[in-house]
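# A look at the structure
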Amino acid sequence: MKSMVQISHDFLEPVLHRQAVCLDGTLGQGKDTAFFLNSSVSKVYAFDVQRPLAERAKEKFCTSRLQVFHLSHEFLNDALAEENRLLDAAVFNFGWDPAQQGGIETSPDASVKGVLAAFERLKPKGRMALVFYPHPQGKSEEARVLEALEPHSGSMEVLMVEHPFKTNAPKACLIQKKGSNH
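Everything numeric here is computed off the predicted structure, so don't read it as measured data.

What counts as what
- Residues numbered from 1 in each chain as written.
- Predicted model: local features only at pLDDT ≥ 70, side-chain atom pairs only at ≥ 80, totals over all residues.
- Heavy atoms only, no water.
- Pairing = 2+ DSSP bridges.
- Helix = DSSP H or I, 4+ residues; strand = E, 2+ residues; numbered from the N terminus.
- Right-handed = clockwise from strand over helix to strand, strands pointing away.
- Salt bridge = Lys/Arg side-chain N within 4 Å of Asp/Glu carboxyl O.
- Buried < 20%, exposed > 50% of the residue type's maximum accessible area, 1.4 Å probe, protein only.
- Core = buried A, V, L, I, M, F, W, Y, C linked by side-chain atoms within 4.5 Å.
- Contact = heavy atoms within 4.5 Å.
- Axes fitted to C-alpha atoms, helices over the stretch in contact; angles between N-to-C directions.
- Parallel < 35°, antiparallel > 145°, perpendicular 65-115°, else oblique.
- Left-handed = near helix turned anticlockwise from the far one by under 90°.

## A few points about the pairing of strand S3 (residues 66–69)
- With 4 bridges joining them, strand S2 (residues 43–47) and S3 adopt parallel strand pairing. The residue of S3 that forms the bridge with Val44 is Leu66.
- Running through helix H3 (residues 51–61), the crossover from S2 to the neighbouring parallel element S3 is right-handed.

Pasting the structure below:
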């Protein structure tokens, strides 16, 4: 059985190509960034609030195709203000990195801003994967993010992937922005 992260990668893969521009809104240990870079995309923007994780990613990947920001994803629009490129793919794994500093995690307000900014930057037919975890803040974050996306539901196709018999399991929200003719 695949993990929600693997399912999100499978969903994003069809929009990845040599000119693709991607966003890892929650860098963490860099699994999503590695996935994008291994797919030979043109550019990856990665955000993390924890300096050690941002610094480690710069050293680990050491490529001009990656731009790492030691910032919360809520500042995505500010950080990318000079970039005039739309995103082919975006991914967010919400919560915290259990291998790092406890108590530093994404917040619902920051995540709403980050997800909405990423959705605005998605190309028509671009894809975004949101993986939510079942800790108390994660459930609140999921509810707030989905509530914020609902007004945009007419301009996206959405699929929720979850385990039907487990209430404390991760969930994936898979979004494809509709084409310009919708």
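## Some remarks on the pattern of salt bridges
- All told, the structure shown has 7 salt bridges when counted by the stated rule.
- A salt bridge links Asp10 to Lys2, with the shortest nitrogen-to-oxygen separation between them at 2.4 Å.
- For Asp10, a relative accessible area of 36% gives the class partly exposed.
- One salt bridge connects Lys58 with Glu55, and the closest N-O pair in it is separated by 3.7 Å.

## Quick notes on the nonpolar core
- Leu12, Leu16, Cys22 and Phe36 are the most contacted members of the largest nonpolar core, which totals 27 residues.
- Every element with two or more residues in this core is listed here: helix H1 (4–12), helix H2 (31–38), S2, H3, S3, strand S4 (87–93), strand S5 (122–132) and strand S7 (171–177).
- Of the residues forming this core, the biggest block, 4 residues, is contributed by H2.
- Excluding its chain neighbours within four sequence positions, the residues that come into contact with Cys22 are Leu16, Phe36, Val41, Lys43, Val44, Tyr45, Leu87 and Ala89.
- Grouped together as the second largest cluster of nonpolar side chains are 26 residues, Leu87, Ala90, Phe92 and Ile175 included.

## Notes on the packing of H1 against H2
- Where H1 contacts H2, the axes come no closer than 11 Å and their chain directions differ by 30°. With respect to their mutual orientation, H1 and H2 come out roughly parallel. As H1 packs across H2, the resulting crossing turns out to be right-handed. Touching Val5, His9 and Leu12 of H1 are Lys31, Asp32, Phe35 and Phe36, all from H2.

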